[in-house]
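Chains, contacts and geometry: an overview
Each chain, written out:
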Amino acid sequence: PIYYNNSLPVEVLPATVVNHIELNQLFDYEDENFDKFNLLIKYMNGEDITYDDIKPYERINDDDLNETNFFLIPLAIFCIESYVRNMLAKT
């Protein structure tokens, strides 16, 4: 957790997600609470990112801007940019 001005910790990624990253275990794509983390899990484990990994981000709207999405959206953008950059470098 990240502490800000001696306040309560900010959970950047839920512990469940960190565990799934370490185990390279994807969430069920039917699980609308956690399927958006599959992109990050695949990126961290060097797997190919597909449209199914990006599709959950289409569901995020202005009402969903909680702390997790606040950190997750920039992480997802970084993962996608890096993935595309690596693909282009291979060609």
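With that settled, consider helix α4 (residues 67-90). With 24 residues, α4 extends 35 Å between its outermost C-alpha atoms, agreeing within 8% with the 34 Å of an ideal straight helix rising 1.5 Å per residue. Residues of α4 that are buried include every one of T68, N69, L72, A76, C79, S82 and Y83, and no others. At its buried positions, α4 is contacted by α2 (38-44).

Positionally, Q25 belongs in the loop between α1 (15-23) and α2. When its relative accessible area of 39% is taken as the criterion, Q25 is described as partly exposed. When the C-alpha positions of Q25 and K42 are compared, they lie 8.9 Å apart, and in sequence the two are 17 residues distant. Among residues more than four places away in sequence, those in contact with Q25 are H20 and I41.

Glancing now at the packing of aromatic side chains. Scanning the model with the defined rule gives five aromatic pairs in all. For the pair F27 and F37, a centre-to-centre distance of 6.5 Å together with 55 degrees between the ring planes defines the contact as tilted. Here F27 is found in the loop between α1 and α2, whereas its partner F37 is found in the loop between α1 and α2, with 10 residues between them in sequence. Pair check on accessibility: F27 and F37 agree, each one buried. Ring centres of F34 and F37 lie 5.9 Å apart, and the angle between their planes is 40 degrees; this geometry places the pair in the tilted category. We classify F34 as partly exposed; its relative accessible area is 24%. Overall, the relative accessible area of 2% leaves F37 in the buried class.

Our focus in this paragraph is the pattern of salt bridges. For the structure shown, the criterion picks out four salt bridges. A salt bridge links K42 to D53; the shortest N-O distance between them is 3.0 Å. Of the two residues, K42 sits in helix α2 while D53 sits in helix α3 (residues 51-54), which places them 11 residues apart along the sequence. Like D53, K42 is buried. By sharing partners, the salt bridges in this structure join E32, D35 and R59 into a single network.

About the thresholds
- Residues numbered from 1 in each chain as written.
- Predicted model: local features only at pLDDT ≥ 70, side-chain atom pairs only at ≥ 80, totals over all residues.
- Heavy atoms only, no water.
- Helix = DSSP H or I, 4+ residues; strand = E, 2+ residues; numbered from the N terminus.
- Expected span 1.5 Å × (residues − 1).
- Buried < 20%, exposed > 50% of the residue type's maximum accessible area, 1.4 Å probe, protein only.
- Contact = heavy atoms within 4.5 Å.
- Phe/Tyr/Trp six-rings, centres within 6.5 Å; stacked < 30°, edge-to-face > 60°.
- Salt bridge = Lys/Arg side-chain N within 4 Å of Asp/Glu carboxyl O.

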